[in-house]
Amino acid sequence: MELTSFYFLCFYAAVLILYYIVPVIFKGRGQWVVLLAASVSYYYMAEGGKLLLYPFFASFVTWTLVMVLTKLDKKQIAARRSVLILELFILLGILVGLKYIRFVYVDTISLAVPLGLSFYTFMLLGYFIDVYNGICEPQTNLLKTCLYGMYFPLMTSGPIVKLREGGKQFFERHELEYNNITFGMQRMLWGFFKELVISQRLGKVVDTVYAQDSSYAGIYVWFATACFAFQLYTNFSGCMDIVIGLSETFGLVMPENFRTPFLAKNISEYWRRWHATLGIWMKDNLFYPLLRTKFFMNQAKKFKKKFGKKLGKQLNTWLAMLILWTAVGLWHGGDLKYVIGSGILHWSYIVIGEATLPFFTWLFGEKLHINMEGKAADAFRVIRTFFLVNLGFVFFRASSTGHAIKLLVAGVSTFNITELFNGHIFDLGLDFVEMTVAFVSIAVLIVVSVLQYKMDQKAEADKNYVGPRNVRQLIASKHLILRWAIWFALIMYVILLGEYGPGYSAAEFIYEGF
């Protein structure tokens, strides 16, 4: 039951009504029970009864081991560590067993993977580790732990929510508020626009060029890859908009997962803007703990002794980052193409960037006297970063590592940029009208992204900034007629130009399998 399907919208409407009626009947109680029942029902309808056991079992194991942990004294280090290892072994064992077994057995074994496996596993592991480190209060109620681990909107594509930061709101009473309902539904509408109007259309171009038997080369490969970048972004961030907006109608604030990533000036900034909650989780629960291990502390001493303090520290950090980025690649899927395209490649970008920064700063700044702080330099950085990200997307979208390499070779085998202007791109699955709709919609997306980017910059530069923090607030500040005209136009745009019809899959989200 996809988030953009008619059946889901009916399901959501019923849950929303019950969510605000139940506490009236039961004297302010029961909202979290409605969410739990809705989560179980959604998972059952989407996956079936057997796969429902996976998130419930993971929640049960985490709750049980948290209860064991709370009964141990902090001085019982060995016992506490044993409980932590057991939690990691069980949850990561299930994750690895279901998701990565094909690394060993290729396609000889096929196991059903439950919806949101990586998301609920990381959320529950993060919660347990926070309790272990004493920075999160333990949740003693098993059913509330299940709600945290199974909250139905998050099961599709996240975001990864920390219990110590935003998880407690699941169990609190939330009053019906006009702003929550309107702003939430506006955010959902924006998500529908991204997914149904842009992502579904661009997918046709991508599927044509990336087909195993296709012979497209040169500019066609790069055009389709750029289309895939926007397809994936509008698909994933569109899902986030729906999830965040839907949650907002419940009075729940979810963390932002995307902050205009294609306007990033370097790869590190890109990952702070793209799937931000995954990056934060990886740093908090893998990268920083790695640096605190005896191995890396000893390695740091060896590096500093041999290469000096600054370079030695960098080398030690890069080594830990190699493990981090390998894990990021593996999180995306049990295939070498993900390890390369979403992991090792991005690690190499960061390492090369940091290693060559002094040289290029000297070359462009001191030798060539180029203004490195100007708008032209920033524009170059944005385009460069987008291109590097696209190289990784070739691996992400290709059917295999070999297929990705074949596409990259095809992309540089011929120079045929004129193909963009002779009408042949309309043979890639979209005719002139459909291609125009796609690019006009992307233009709207870019305008909104730039507006959001500028508002973020103002808020970051001035802590006392009191202006609108997002485009919805900006529109809400306008005249009644103008703001309703904007939202009505967007509704009609989605209804009339959204991709529907026979054989249409209601917006299957690309990250759903992760």
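Scroll up to find the structure.
What you see is a predicted model, and the numbers here were worked out from it, not measured in a lab.

Caption draft 1: Quick look at unusual backbone geometry. The omega torsion of the bond from Gly158 to Pro159 falls at 5°, within 30 degrees of zero and hence cis. Tracing the sequence through the fold places Pro159 in the loop between helix H8 (154-157) and helix H9 (163-167). For Lys27, which is not glycine, the phi dihedral falls at a positive 55°. Among the secondary structure elements, Lys27 is positioned in the loop between helix H1 (6-25) and helix H2 (31-47). Under the relative-accessibility criterion, Lys27 is labelled exposed at 76%. The phi dihedral of Thr260 falls on the positive side, at around 45°, and the residue is not glycine.

Caption draft 2: Fine view of the layout of surface pockets. When its volume is computed, the largest pocket comes out at roughly 1100 Å³. Together, 44 residues line the largest pocket, and Arg187, Gln452, Asn470, Val471 and Arg472 are the ones closest to its centre. Those elements giving two or more residues to the lining of the largest pocket turn out to be helix H10 (178-209), helix H11 (219-249), helix H19 (432-461), helix H20 (471-476) and helix H21 (480-497). For the lining of the largest pocket, the class distribution of residues is 24 nonpolar, 10 polar and 10 charged.

Caption draft 3: Expanded view of the side chain of Thr249. Position of Thr249 among the secondary structure elements: in helix H11. A relative accessible area of 0% places Thr249 in the buried class. Of the polar contacts made by the side chain of Thr249, one reaches the side chain of Tyr12; its length is 2.9 Å. When near neighbours in sequence (up to four residues on either side) are disregarded, Thr249 contacts Tyr12, Leu16, Tyr20, Asn180, Ile181, Gly184 and Met185.

Caption draft 4: Examining helix H14 (residues 294-307) more closely. When the terminal C-alpha atoms of H14 are compared, their 20 Å separation across 14 residues agrees well with the 20 Å that a helix rising 1.5 Å per residue should span. Along H14, the residues classified as buried are Phe296, Gln299, Ala300 and Phe303. Projection of H14 onto a plane perpendicular to its axis shows the buried side chains occupying an angular sector of 110°, all on one side. Away from its buried face, by an angle of more than 90 degrees, H14 presents the exposed residues Lys294, Lys301, Lys302 and Lys305. On the buried face of H14, the contacting elements are helix H13 (276-291) and helix H15 (309-332). Gly308, located one to two residues past H14, shows a positive phi value of around 95°.

Caption draft 5: How the structure looks around the packing of helix H3 (residues 49-70) against helix H6 (residues 117-132). Put simply, H3 and H6 touch, their axes get as near as 10 Å, and they point 5° apart. Accordingly, the angle class assigned to the pair H3 and H6 is roughly parallel. When H3 is examined against H6, the residues Tyr54, Pro55, Ala58, Ser59, Thr62, Leu65, Val66 and Leu69 are found in contact with a partner set consisting of Tyr120, Leu124, Tyr127, Phe128, Val131 and Tyr132. Looking at the contact of H3 with H6 residue by residue, the class counts come to 12 nonpolar, two polar and no charged.

Caption draft 6: Summary view of empty space enclosed by the protein. Overall, the coordinates contain two cavities of 30 Å³ or more when judged by the stated rule. Looking at the largest cavity, its volume works out to about 80 Å³. Forming the walls of the largest cavity are 13 residues, and the residues nearest its centre are Tyr270, Trp271, Ser342, His346 and Phe393. Going through the elements one at a time, helix H12 (267-273), helix H16 (336-367) and helix H17 (375-397) are the ones with two or more residues in the lining of the largest cavity. Tallying contributions element by element places H17 first for the lining of the largest cavity, with four residues. Taken together, the residues of the lining of the largest cavity break down into eight nonpolar, five polar and no charged. The space that makes up the second largest cavity amounts to roughly 40 Å³.

Caption draft 7: The arrangement of the nonpolar core in detail. Ranked by size, the top nonpolar core spans 144 residues in total, and within it Tyr151, Leu154, Phe170, Phe250, Trp274 and Phe393 carry the most contacts. With 17 residues, H11 is the single largest residue contributor to this core. Excluding anything up to four places from it in sequence, Leu154 contacts Phe119, Met123, Pro159, Val161, Phe170, Val243 and Met254.

Caption draft 8: Representation of the packing of aromatic side chains within the structure. Within the structure shown, the criterion is met by 47 aromatic pairs. Relative to Phe152, the ring of Tyr42 lies with its centre 5.7 Å away and its plane at 45°, an arrangement referred to as tilted. Remark: Phe152 occurs in the loop between helix H7 (142-150) and H8 and Tyr42 occurs in helix H2; sequence separation between them is 110 residues. Owing to a relative accessible area of 2%, Tyr42 belongs among the buried residues under this scheme. Taking the relative accessible area as the measure of exposure, Phe152 reaches 0% and is therefore buried. The lysine or arginine in question, Arg80, covers the ring of Tyr132, its NZ or CZ lying 4.9 Å from the ring centre.

Caption draft 9: Representation of the state of the cysteines in the model. One pass over the structure, following the stated rule, counts zero disulfides. We note that Cys10 lacks a disulfide partner, and the nearest cysteine sulfur, in Cys239, lies 19 Å from it. With relative accessibility at 39%, the residue Cys10 sits in the partly exposed group.

Caption draft 10: Highlighting the environment of Gly429. Considering the arrangement of structural elements, one finds Gly429 in the loop between helix H18 (401-412) and H19. The spatial distance from the C-alpha of Gly429 to the C-alpha of Leu202 is 8.9 Å, given a sequence separation of 227 residues. Those residues in contact with Gly429 that lie beyond four places of it in its chain are Lys204 and Thr208.

Thresholds applied
- Residues numbered from 1 in each chain as written.
- Predicted model: local features only at pLDDT ≥ 70, side-chain atom pairs only at ≥ 80, totals over all residues.
- Heavy atoms only, no water.
- Helix = DSSP H or I, 4+ residues; strand = E, 2+ residues; numbered from the N terminus.
- Buried < 20%, exposed > 50% of the residue type's maximum accessible area, 1.4 Å probe, protein only.
- 1 Å grid on protein atoms, 1.4 Å probe; cavity = no way out; pocket = protein on both sides within 12 Å on 5 of 7 lines; lining within 4 Å.
- Points joined across faces, edges and corners; volume = space filled by probe spheres on them.
- Nonpolar A, V, L, I, M, F, W, Y, C, P; charged D, E, K, R; others polar.
- Polar contact = N/O pair within 3.5 Å; in protein donor to acceptor, adjacent residues only side chain to side chain.
- Contact = heavy atoms within 4.5 Å.
- Expected span 1.5 Å × (residues − 1).
- Arc of directions from axis to C-beta.
- Axes fitted to C-alpha atoms, helices over the stretch in contact; angles between N-to-C directions.
- Parallel < 35°, antiparallel > 145°, perpendicular 65-115°, else oblique.
- Core = buried A, V, L, I, M, F, W, Y, C linked by side-chain atoms within 4.5 Å.
- Phe/Tyr/Trp six-rings, centres within 6.5 Å; stacked < 30°, edge-to-face > 60°.
- Lys NZ or Arg CZ within 6 Å of the ring centre and 35° of its normal.
- Disulfide = S-S within 2.5 Å.

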